[in-house]
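# A closer look at the structure
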Amino acid sequence: MPSDHLVDPEILPLLDMMPPLLPTDETLAQLRATLTAPRADQPAPAFAPVAASAPGIDGAPDVPLLIFDPPGRTARAAILQIHGGGMVLGSAAASSIPNAYMAAHLGVPVIAVDYRLAPEHPFPAPQMDCLAAYDWLVEHADALNIDAARIVIFGESAGGGLAAALALMLRDLGQRSPAGQVLIFPMINHRTGTQKPGLPHTGDYIWTREANAYGWRALRGDYDPVDARAGWFSPALAQELAGLPPTYIAVGALDLFLEENLDYAKALAGAGVPIELHVYSGAFHAFHMVPSAAVSRTYHRDLYAGLGRLLGI
């Protein structure tokens, strides 16, 4: 790869563990099965989640949730977690280990959303599932011993894009704003890898331009993003960002999403939204999955500090 010399050598083992994801109509089912199959070397989560569900919106199916509530916690803040997977892959259960760790480390419950996937369920199905989950969490805040004003929405990759969309939806619909949005290398611009050539030295690893084009095409279905919901589909299309909650963005310098994340951070700052931005040298998409690497340790230190500030803990 032309950017090999820029990669942090400590995260190179991830490329052997996880070759580039290349979803197509023909490979999607096998990719989903492979990514959800338990690995023999994978430890069990620190504690087991409790299953729940949120009523679907406008007659949609109920949305499955997994609640990671750490034993003995006293903090009344909470995180609504939205998993990644390019809009076509992933599940709430697949994030159980990091979700349990995050809940235990911060001492707050993490509620993971098992939203419907494209292409079977294109826009706005995944977005509406995330909205349903947030509405349920606010409604059940007292029963869960949570302060509804201290909920942070959190997502990685496609989940980051859905978290950004959720923040826009809540503002546009006049609903309670979250305490913050944490967007980890978020997938927020449907033009990346298609209409936009992108920065050189980005998108060579894990999640490529080809994969990104497939994910967005699957999510789009027959939707034409020219109406008032365009920002819900692709947050980079939002015409107005004022009124969004404080935002934390983290991305690797070699990630396909670097340019769109920098653009979004700049637009948020210009709209008067408090923004915290981190760019990690030598890091490609999902680099944090090598926890022993120094860059990953720095990422996690920054993330938990940022989450703590937003959660008020």
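My aim in this report is to walk through the structure given alongside it, one point at a time.

## Quick word on the overall build of the chain
When helices and strands are tallied, the chain shows nine helices and eight strands. Burial status across the chain gives 54% buried among its 313 residues. For the chain, long-range pairs separated by at least 24 residues make up 79% of all intrachain contacts whose partners lie at least 6 apart in sequence. Computed over 18 positive and 31 negative side-chain charges, the separation of the two mean positions in the chain equals 5 Å.

## Thoughts on the pattern of salt bridges
Counted according to the given criterion, the structure contains eight salt bridges. Between Asp69 and Arg73 there is a salt bridge whose closest N-O contact spans 2.7 Å. A salt bridge links Arg301 to Asp302; its shortest N-O distance comes to 3.3 Å. The class of Asp302 is buried, set by a relative accessible area of 14%.

## Thoughts on the packing of helix 3 (residues 96-106) against helix 9 (residues 294-311)
Look at helix 3 against helix 9: their axes get within 11 Å of each other, and the N-to-C directions meet at 60°. Classed by the angle they form, the pair helix 3 and helix 9 counts as oblique. In this structure, helix 3 meets helix 9 at a crossing whose hand is right-handed. Every residue of helix 9 that contacts helix 3 at Tyr101, Met102, His105 and Leu106 is listed here: Tyr304, Leu307 and Leu311.

## Description of helix 4 (residues 125-139)
The terminal C-alpha atoms of helix 4, which comprises 15 residues, lie 21 Å apart, in line with the 21 Å expected from a rise of 1.5 Å per residue. Burial within helix 4 is extensive, with twelve of its 15 residues counted as buried. Residues of helix 4 that are buried include every one of Ala125, Pro126, Gln127, Met128, Asp129, Cys130, Leu131, Ala132, Ala133, Tyr134, Trp136 and Leu137, and no others.

## Describing unusual backbone geometry
For the bond from Ala118 to Pro119, the omega torsion is 5°, close enough to zero to count as cis. When you line up the elements, Pro119 lands in the loop between strand 4 (110-113) and helix 4. Along the chain, Phe123 connects to Pro124 via a cis peptide bond; the corresponding omega equals 5°. Position of Pro124 relative to the elements: it lies in the loop between strand 4 and helix 4. We note that Met87 has phi near 75°; this positive angle belongs to a residue other than glycine. Tracing the backbone shows Met87 in the loop between strand 3 (78-82) and helix 3.

Conventions we followed
- Position labels on residues start from 1 in each chain and follow its written sequence.
- This being a predicted model, a pLDDT of at least 70 is required before a residue's local features are given, and a value of 80 or more before pairs of side-chain atoms are given or counted; all residues contribute to the totals for chains, interfaces and linings.
- The basis for every side-chain value is the complete set of heavy atoms in the structure, and neither hydrogens nor water enter the calculation.
- Numbering of helices and strands starts at the N terminus; helices are DSSP runs of H or I of at least 4 residues and strands are runs of E of at least 2.
- For the exposure calls, accessible area comes from a 1.4 Å probe over protein chains only, and a residue counts as buried if that area is under 20% of its type's maximum, exposed if over 50%, partly exposed in between.
- Any two residues whose heavy atoms approach within 4.5 Å at even a single point are treated as in contact.
- Only four residue types enter the charge count: Lys and Arg as positive, Asp and Glu as negative, with His and the chain ends excluded.
- All charge positions are set by atom: Lys at NZ, Arg at CZ, Asp at CG, Glu at CD.
- Here a salt bridge means any side-chain nitrogen of Lys or Arg lying within 4 Å of a carboxyl oxygen belonging to Asp or Glu.
- Lines fitted to C-alpha atoms define the axes here, with helix axes fitted over just the stretch in contact, and angles between the N-to-C directions of these axes take values from 0 to 180 degrees.
- Angles are sorted into four bins: roughly parallel if under 35 degrees, roughly antiparallel if over 145, roughly perpendicular if 65 to 115, and oblique for all others.
- The hand of a helix crossing depends on one turn: near helix anticlockwise from the far one by less than a right angle means left-handed, and clockwise means right-handed.
- Between the first and last residue of a helix there are one fewer steps than residues, each counted as 1.5 Å, and that sum is the expected span.

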